[in-house]
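Listed below are the residues making up each chain.
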Amino acid sequence: MNKVELAIVGGGPAGLSAALMASKLGIKSVLVDENRRLGGQLVKQTHKFFGSYEHMAGVRGIAIGRQLSEKVMADPNITVMLSTTAVGYYEDGTLALYQREPEEKLIDIKPQTVIFATGARENMLAFPGNDLPGVYGAGAVQTLMNVYGVLPGEKVLMIGSGNIGLIVTYQLLQAGSKVEAIVEILPKIGGYIVHASKVRRYGVPILTRHTIIEAVGDDRVEGAVIAQVDEKFKPIPGTEREVDVDVICLAVGLAPIVNLVWQAGVEIAYIPELGGHIPWHDEEMRTNVPHIFVAGDLAGIEEATTAMIEGELAALSAAEFLGRGDRAEIESIREDAHRRLEELRLTVFSEKVKAGIKKLQNWKELLKQRAGNLRG
Amino acid sequence: MKRLDDHPILDFDRGEKVIFYFEGKPIEGYTNETIAAALHAAGIKVFGYSPRKHRPRGFFCAIGKCSSCLMVVDGRPNVRTCMEFVRPGIHVRRQRGLEPIVKKGENDE
Ligand SMILES: Cc1cc2nc3c(=O)[nH]c(=O)nc-3n(C[C@H](O)[C@H](O)[C@H](O)COP(=O)(O)OP(=O)(O)OC[C@H]3O[C@@H](n4cnc5c(N)ncnc54)[C@H](O)[C@@H]3O)c2cc1C
Ligand code: FES
């Protein structure tokens, strides 16, 4: 195990595509994921995909995940380690792995290159009672009902009307929960209108200019107080009302999981448009540490479709670092990947991401300026 | 809460039905369920208490990233029950704050 050319941490769409591209260029890789099966977030996405990725729009996320996973499992160049968490990356280049099944053990590997594709985690929201059992992230609600087939609750209050909030609301209805309302602090709905119309047809009110004031209950959620807000997002006194729910589902954005790249010495930039703290990287998914590459939601919260292309780009850069693959071939795949990425980023929802990427490209300049200001 | 029997899109491969113990009481679970999912299906939402204010804790992220679901499993504290699968006969109990770390082979329960 000690002569690993490439280690990939995370088996979501980004990591899976990276492994497949690396294999195409003749690179052997080790792919690590904490779960019992590959696919990352895709294993819970029962809805048909939005986005314009060639052939992918209209296919269910779970089906895309399954296709990619099967290809990876069958590829002789890829060693898959499931139920295995990457727990540390050390100065001497050791990646520490903790395997839980079939047997519990710690494994050290020293890969020549690493692609981190660890994805993202749910954001919290500050309100009294937000720590009560029954306040769940949207991802957790999806995991419970779509992976384990357990109903998260009878009556749900959804916070956030972006695509995730809307889609998870629909999935809750499909599973048999009642969604009392979707609360949105902004004056307009965040996600696609098709998704919003779908949940409205089921009679779920979408309350814009509303927020949650507190979670009610002693040892679990028994209700929630919501209220209308003014232009400054301050609750308007007298508009509070209590809704009778046993689950409060937070769909208020995601944040990249940066612990490991941070430990590996990758510079962390703060770009709110991309989800907050993200590893600094260039357009070819290279970081400031020459043998470390990033891809997917970790590199900025976006979509599975873009995560897959970023995975391919990261693998191309790793190949280049290793001196593997044919130069001309790498260049032509790269060009094609950038073209597809650009096409995907043509929607209105991509404006924010594009602004974020621009900021990221100027990040080093910004840092210099700031340092200059401090000194001056 | 209940387990879903018929879902419009999904079929669930739950694995084998087994018995495990929560605070000493037998609970039914399946081998393809995490401990957190099985407890939730049994209507148990409080998994532990916070270290200082002893506030009830349940799960939050379900992907092993928030540490809200830590419980004591077969005497070992700090087990992320949203990632750990049900095994027959395991003893699971609520964690109360920071519990002492046990050394390998030194189970006190
Ligand atoms: C409700 C919802 C609906 C969505 N709908 C769409 C859609 O219609 N179209 C679209 O394009 N996108 C959609 N997305 C977004 C898409 O799911 C994500 O952008 C995509 O999954 C990101 O891929 P990724 O590979 O970067 O990360 P993930 O899919 O999150 O995969 C990361 C993997 O890394 C593993 N991991 C993390 N840390 C470690 C570690 N230390 N050791 C080992 N393994 C680790 C995780 O367990 C996980 O399996 C949706 C997202 C949600 C939540
Ligand atoms: S619920 Fe977040 S770590 Fe288990």
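Rules and cut-offs
- Residues numbered from 1 in each chain as written.
- Chains lettered and ligands numbered in written order.
- Predicted model: local features only at pLDDT ≥ 70, side-chain atom pairs only at ≥ 80, totals over all residues.
- Heavy atoms only, no water.
- Helix = DSSP H or I, 4+ residues; strand = E, 2+ residues; numbered from the N terminus.
- Expected span 1.5 Å × (residues − 1).
- Buried < 20%, exposed > 50% of the residue type's maximum accessible area, 1.4 Å probe, protein only.
- Arc of directions from axis to C-beta.
- Contact = heavy atoms within 4.5 Å.
- Buried area = accessible area lost by both parts, 1.4 Å probe.
- Salt bridge = Lys/Arg side-chain N within 4 Å of Asp/Glu carboxyl O.
- Polar contact = N/O pair within 3.5 Å; in protein donor to acceptor, adjacent residues only side chain to side chain.
- 1 Å grid on protein atoms, 1.4 Å probe; cavity = no way out; pocket = protein on both sides within 12 Å on 5 of 7 lines; lining within 4 Å.
- Points joined across faces, edges and corners; volume = space filled by probe spheres on them.
- Nonpolar A, V, L, I, M, F, W, Y, C, P; charged D, E, K, R; others polar.
- Phe/Tyr/Trp six-rings, centres within 6.5 Å; stacked < 30°, edge-to-face > 60°.
- Lys NZ or Arg CZ within 6 Å of the ring centre and 35° of its normal.
- Domains from an automatic or database assignment.

A. Broad picture of helix α2 (residues 61-74) of chain A. Residue and element names in this part refer to chain A. Between its terminal C-alpha atoms α2 stretches 20 Å, which fits the 20 Å expected from 14 residues at 1.5 Å a residue. Within the span of α2, buried status applies to G61, I62, I64, G65, L68, S69 and V72. Buried positions in α2, seen along its axis, are confined to an arc of 155° and lie on one side of it. In α2, the exposed residues that point more than 90 degrees away from the buried face are R66, E70, K71 and A74.

B. Here's a closer look at the interface of chain B and chain A. Opposite the 35 residues of chain B that make contact, chain A presents 47 residues. Together chain B and chain A conceal approximately 3500 Å² of surface at their shared face, both sides included; 57% is due to carbon and sulfur atoms. Three residues, I9(B), K45(B) and F60(B), lead the burial of chain B against chain A; their summed loss comes to 20% of the area buried on that side. The tally of links from chain B across to chain A stands at five salt bridges. Between R57(B) and D131(A) there is a salt bridge, with its nearest N and O atoms 3.0 Å apart. On inspection of chain B and its partner chain A, the count reaches 16 residue pairs in polar contact (both at pLDDT 80 or more). Contributing elements (two or more residues each) for the side of chain B that touches chain A: α1 (35-41), β4 (56-57) and β6 (76-80) of chain B. Ranked by the residues each element gives to the side of chain B that touches chain A, the list is headed by α1(B), at three residues.

C. Here's a closer look at empty space enclosed by the protein. Scanning all chains against the criterion turns up one cavity of 30 Å³ or more. Its volume calculated, the largest cavity comes out at about 40 Å³. Residue lining of the largest cavity: T143(A), L144(A), Y148(A), T34(B), A36(B), A37(B), F59(B), A62(B) and C82(B), and that is the complete set. Sorting the residues of the lining of the largest cavity by element identifies α3 (138-147) of chain A together with α1 of chain B as the ones contributing at least two each. Here the lining of the largest cavity is composed, by residue class, of seven nonpolar, two polar and no charged.

D. Region of the structure containing the layout of surface pockets. Residue and element names in this part refer to chain A. Approximately 400 Å³ is the volume found for the second largest pocket. Lining the second largest pocket are 18 residues, with E283, L341, R345, I357 and Q361 positioned closest to its centre. Among the elements of the structure, α8 (327-344) and α9 (350-361) are those that each provide at least two residues to the lining of the second largest pocket. The class makeup of the residues in the lining of the second largest pocket is seven nonpolar, four polar and seven charged.

E. Spotlight on α8(A). Residues and elements named next belong to chain A. With 18 residues, α8 ought to run about 26 Å at 1.5 Å a step, and its terminal C-alpha atoms sit 26 Å apart, in line with that. When we look at burial in α8, the residues that qualify are I330, I333, R334, A337, R340, L341 and L344. All buried residues of α8 lie within an arc of 130° about the axis, which places them on one face of the element. Away from the buried face of α8 by more than 90 degrees, exposed residues A328, E335 and E342 are located. Those residues of α8 that are buried lie in contact with α1 (13-24), α7 (304-322) and α9.

F. Up close: the packing of aromatic side chains. Tallied over the full model, the rule gives five aromatic pairs over all chains. With 6.3 Å between their ring centres and 40° between their planes, F47(B) and F59(B) make a pair best called tilted. Taken together, the positions of F47(B) in the loop between α1 and β3 (48-49) and F59(B) in the loop between β4 and β5 (70-73) put the pair twelve residues apart, joining distant regions of the chain. Each residue in the set Y136(A), F47(B) and F59(B) is aromatic and connected to the rest through ring pairs, giving one cluster. In this structure, R36(A) is placed above the aromatic ring of F85(B), and the distance from its NZ or CZ to the ring centre is 3.5 Å. Cation over ring: K198(A) sits above Y170(A), and NZ or CZ is 4.2 Å from the ring centre.

G. Quick look at the domain arrangement of chain A. All names here are of chain A. Segmentation of chain A into domains returns domain 1 (6-121 + 254-366) and domain 2 (124-250). Centre-to-centre, using C-alpha coordinates, domain 1 lies 30 Å away from domain 2. Both faces combined, the contact of domain 1 with domain 2 buries some 990 Å², and carbon together with sulfur accounts for 60% of it. Here domain 1 is connected to domain 2 by four residue pairs in polar contact (both at pLDDT 80 or more). For the side of domain 1 that touches domain 2, the class distribution of residues is four nonpolar, four polar and two charged.

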